[in-house]
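Okay, here's what each chain looks like letter by letter:
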Amino acid sequence: MLAAVLAAIALPFVPTAGFRFVRWDDHLHVFENPLVLRPGSESWIAHLTTPGLGYPTPITILTYRLEAAVFGLDHPGAFHVANVALHLVACALAFGLARRIGLGLAGAALGTLALGLHPA
């Protein structure tokens, strides 16, 4: 059941593998962000509070930094695929939590689908 739920969540995201970076917020978060490009040039407080973004997103910035180190900035599709994979891991954890707190398979699947496919 979990595999089917994760496949249903992943399917709408398949096209993102071919997407490029966009000028909406990718420059702030990734390809012009000193926390991603030059992590050693910033303080630990900056890494934890991400002041350039106006709100703390240290885990997100850490994943972007790792993706930039592994894939480089010339492969935005790899960033998208890696982030979809992380999203699927979060959904699988939510499914497991739903089952652990007593939801049946159908309830856990429906909740996980709502989490995985909701645009927010």
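Asker: Looking at this structure, how should I read the environment of L6?
Answerer: Looking at the secondary structure, you find L6 in helix α1 (residues 2-10). With 43 residues separating them in the primary sequence, L6 and T49 have C-alpha atoms 32 Å apart.

Asker: Please explain the pattern of salt bridges as it appears in this structure.
Answerer: Opposite charge on two side chains permits them to pair, given that their charged atoms come into close proximity. Counted by the stated rule, this structure contains 1 salt bridge. E32 serves as the salt-bridge partner of R23, at 3.0 Å between the closest nitrogen and oxygen. Relative accessible area serves as the criterion here: at 43%, E32 is assigned to the partly exposed category.

Asker: Explanation requested: the packing of α1 against helix α7 (residues 105-117) in the structure shown.
Answerer: For any two helices packed against each other, the geometry comes down to the angle between their axes and how far apart the axes lie. Interhelical geometry of α1 versus α7 gives an angle of 20 degrees and a closest axis separation of 9 Å. Classed by the angle they form, the pair α1 and α7 counts as roughly parallel. Along this stretch, α1 crosses α7, giving a crossing that reads as right-handed. Along the contact surface, α1 presents V5, A8 and I9, while α7 presents A109, T112, L113, G116 and L117. Here the residues of the contact of α1 with α7 sort into 6 nonpolar, 2 polar and no charged.

About the criteria used
- Residues numbered from 1 in each chain as written.
- Predicted model: local features only at pLDDT ≥ 70, side-chain atom pairs only at ≥ 80, totals over all residues.
- Heavy atoms only, no water.
- Helix = DSSP H or I, 4+ residues; strand = E, 2+ residues; numbered from the N terminus.
- Salt bridge = Lys/Arg side-chain N within 4 Å of Asp/Glu carboxyl O.
- Buried < 20%, exposed > 50% of the residue type's maximum accessible area, 1.4 Å probe, protein only.
- Axes fitted to C-alpha atoms, helices over the stretch in contact; angles between N-to-C directions.
- Parallel < 35°, antiparallel > 145°, perpendicular 65-115°, else oblique.
- Left-handed = near helix turned anticlockwise from the far one by under 90°.
- Contact = heavy atoms within 4.5 Å.
- Nonpolar A, V, L, I, M, F, W, Y, C, P; charged D, E, K, R; others polar.

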